[in-house]
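Listed below are the residues making up each chain.
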Amino acid sequence: MNSWSSPRNRATLVMLLGLVCLGCTMPASDGRPPLPKADELSIEWIHDENVDGPETYEHHHEYLAKSKNKSRLLLTNNSKSALPVDGWAIYFRIGPFMYLDEEAFAEANETVKVSFVGIEGRYKIEPDKGFKPLKSGETLTIPIVGKRQIMLNSDPPVGFYLVKVAANGKEELIGDIDVTYGPIKGFTPSPDPIGARADAKSRHARHSQYHSPAAEPQLALPTPRNVKIDDSGEVEVSKLGAVSAGDDLTFEAETLTKLLDSRRNANSDADAAKVNLSINGDLGREQYQLTVSGDGVSIVGGSAAGVFYGIQTLDQLFNRYPEKLPFLTIDDEPQFSYRGLMVDICRHFFGPKTLKQVIDQMAHYKMNVLQLHLNDDEAWRIEIQTLPELTEIGSKRGHVTHDEDGKVVQLPVVLNDGGTGPSGYLSREDYIDLLKYAQQRHIEVIPEIDVPGHCRSAIQALKDKPGYQLIDPDDKSEHVSPQGFRDNILNPAMEGVYPFLNNVFVAINEMHDAAGVPLKHLHIGGDEAPQEAWTLSPAAEKKGYKNVDPKVDPERAKAVHSKIRDDFSQKVYEIIDKAASGTVQIGSWHENSPYITERLANGKAYITEWDFDGNATYERLKTGQPTVLSNPRQSYWDMAYENNPTERGHFWSGFTDTKEVYEYRPLALRDEPLPQKERDLIIGVQAQIWTETINTPDMLKWYMMPRMLPFAERAWNPDVSQHDLAEKWPGFAAYLGKYALPKLEREQFRFRIPKPGAINEDGYLRAIVPYEGLEIRYTTDGSDPTAESTLYDADNPPKYDSKIKLRAFTKGGRGSSTVPVEE
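What you see is a predicted model, and the numbers here were worked out from it, not measured in a lab. (Residues numbered from 1 in each chain as written. Predicted model: local features only at pLDDT ≥ 70, side-chain atom pairs only at ≥ 80, totals over all residues. Heavy atoms only, no water.)

Novice: Would you mind showing me how to read the pairing of strand β6 (residues 122-127) here?
Specialist: Within a regular strand, the side chains alternate between the two sheet faces. For β6, the buried fraction is high: five of the six residues fall into the buried class. With four bridges connecting them, strand β3 (residues 88-93) and β6 associate as antiparallel partners. Considered in β6, the bridge of R93 is made with R122. Bridge count between strand β5 (residues 112-116) and β6: five bridges; the pairing is antiparallel. The residue bridging S115 from the neighbouring strand is K124, located in β6. (Buried < 20%, exposed > 50% of the residue type's maximum accessible area, 1.4 Å probe, protein only. Helix = DSSP H or I, 4+ residues; strand = E, 2+ residues; numbered from the N terminus. Pairing = 2+ DSSP bridges.)

Novice: For this particular structure, what's the right way to read the packing of aromatic side chains?
Specialist: Each aromatic ring pair is described using two quantities: the centre-to-centre distance and the angle formed by the ring planes. By the definition in use, this model includes 27 aromatic pairs. Pairing W88 with F131 gives two aromatic rings, centres 5.5 Å apart and planes at 65°, and the pair type is edge-to-face. Of this pair, W88 sits in strand β3 while F131 is found in the loop between β6 and β7 (139-147), placing the two residues 43 residues apart along the sequence. Neither residue differs from the other here; W88 and F131 are each classed as buried. Ring plane angle 10° and centroid distance 5.3 Å describe the contact between Y91 and Y161, whose orientation is recorded as stacked. Placement of the pair is Y91 in strand β3 and Y161 in strand β8 (residues 158-165), with a sequence separation of 70 residues. Per residue, the accessibility class of Y91 equals that of Y161, and both read buried. These aromatic residues form a ring-pair network of at least three members: W589, W610, F612, Y636, W652 and W690. Positioned above the aromatic ring of W716, the side-chain terminus of K366 is 5.8 Å from the ring centre. Residue placement shows R714 over the ring face of Y662; its charged tip is 4.8 Å from the ring centre. (Phe/Tyr/Trp six-rings, centres within 6.5 Å; stacked < 30°, edge-to-face > 60°. Lys NZ or Arg CZ within 6 Å of the ring centre and 35° of its normal.)

Novice: Which parts of the structure should I look at to understand the sheet that holds strand β24 (residues 682-689)?
Specialist: Sheet strands line up and pair through hydrogen bonds in the backbone, either parallel or antiparallel. Strand order around the closed barrel formed by eight strands is β17-β18-β19-β20-β21-β22-β23-β24, with parallel pairing between neighbours. Going across the sheet, the axis of each strand differs from the next one's by a mean of 30°, ignoring polarity. On the sheet, helix α11 (residues 497-515) packs against β19 (444-451) and β20 (521-525) and is oriented at approximately 175° with respect to β19. (Axes fitted to C-alpha atoms, helices over the stretch in contact; angles between N-to-C directions. Contact = heavy atoms within 4.5 Å.)

Novice: I tried to follow helix α5 (residues 250-261) on my own but got confused; where do I start?
Specialist: Counting along an α-helix, one turn takes 3.6 residues, and residues three or four places apart therefore face a common direction. Over its 12 residues, α5 runs 16 Å from end to end, which matches the ideal 16 Å to within 8%, given 1.5 Å per residue. By the burial criterion, the buried members of α5 are F251, E252, A253, L256, L259 and L260. Taken together, the buried residues of α5 touch β12 (240-244), β13 (273-279), α6 (304-320) and α9 (428-440). (Expected span 1.5 Å × (residues − 1).)

Worth remembering: the numbers are spatial, not functional.
Below you can see the structure in the form of structure tokens.
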């Protein structure tokens, strides 16, 4: 019999009541005054100025590191009770790769103090000795100085939340605090590859370079390689008959039938035009031949994948020729066999629904690899049933990380989190279903388990599990990851590392087998592992690796690290081979290339190159390594589209708009043409979406589109000259505006709408957008334009006025960010 009077159930009731009242104004049990509710406090962030970096510098990172920003936090108490002199703290995070100047903060604030809490730019503000109760309706101004200029709208501080602090120092989450943001001011020109701030005038200049409103759209996307259009006849779409296909093309036949049924009633008449799908093994695996003739429509592929790609091209032809298809023949195949996208679901979680929507877009534009980044410092996102702690603990983030006994219960809040982070993971069933969904659409899902670095989520999740300690608690090595973590790298000398990895790789292989999708490729990361790691680890010394202090003898310490890393890597490969049902090609980022040479030579590994330096990539190609190119300049879509405060993202590799991606020439690694041997080692290209600044599914899609469209073009047709780019861009841009972007809008797949450019030309406003199909609307009273504002007419432009604001709009009424003509 259950009774709420039992000790266990009383404890449960207290816990539930506590959850129900989270954020309530409640008397403090230690006699301290009650706190306002979190939603009764508000913060306004006001940016005052940016301070330039040094006049001379060796690298733009140095310039940024030595620049500063000055701003204020206005903390307002909207409750009826005062914010007391103690018993509370406010946590927040300053922007990506940014830190506070704590010394300047102390000088500017007498009533509150700030402290760095040791993870990814997160800080804690608490009352100091001079603090007086903040009464109802009062506002406290908190000046702050940050290290680095504020440039983008993802740079200001975020994730503010209130905690109650007991007399013994124990903290309890109260709730998130609402924040409003003022405009970003005073950005000054900075060094390449960052460059000057984008505004209406610079945008007009860039758009004008390739603006060609009368251009004929290219036939399809990606551009088919061989096309012959015969003007002698046409086939009426309404007269296309039922799809005929073999049993090995069931999904393809269903796909084409749905496509046809959306454009005509099922036609079973005797005179219906034939629609045939078939496979010809003499063709290349991804090759297809699409024929429209008096006999109807025929798609022949070298495999089901080739047939599927032919269907995607036919789908695009229907947009161009909705009623009658001209007689034509297309013989098409990709130059690269690997056309990939990596999605990071760790920093922020994106589940099966969003991933399937991404897969649908990839499939339509003939991309064929989805690399899923499944673990990182911030979270573990794949269920491993033999190690439930990985997801029970490692997939969750929140303020309280330990229970009463000191055991880890979840990871700390990071990135844009408030008091609780985005929890979630792919269950075994989710992952199996995703594998099947992708395989039907001829996309291979490559799981990435990043080791030995980027492992803090696993280290913390298994910290209290006997036999699975993954780091040496006595290790005195000093190192820090680029993201600011000091305890995120597996220690190969710890015995728990290898059963952990075995459990993970066995489980992943089993999920692939259960899906009927053999594990062919597995990515192990291998990036950003500090070379100082393990060099002062007693556990490593017990395994025969001499401890060497990098500060005393850096070269010997580096050699020790490399030996440990190499031995670890070989053990990892052995575990993967034993766990796998078949031969697995192991992928890794280029930092791992010294530790996988033998496997590369045997054709059982490949390298994902994210090096800026094409010459360095070329030198590695000369060693014979199969390579997937991932140049950050065009392939890292967590970069902002342009240098403007209305944009989000990073900018350490510059700014990447759609045309920048289109201009990517993967085979132009250096000034001279690549020798054929090295060209043959480039198996493809891959774009990356890292999600530190990406919070929601719509935001993920916004970062992805329309940049994926030129990337798909270049993945299919990579061998282009500068002349090709200039000549073919107008047709590509016309296709985007007329067909691709309207398709995305119909499917409600969010995309970034480019901002208009504008200048004063002889006293009149001259405004343009880069793609046909977008319209410009404007206001003259300083208000933001809406879909009902005045439509800009290039033939009858308004007189120029410094108060004019513009926005680009789709036919469906979605708008770009607002563009003042004077910024």
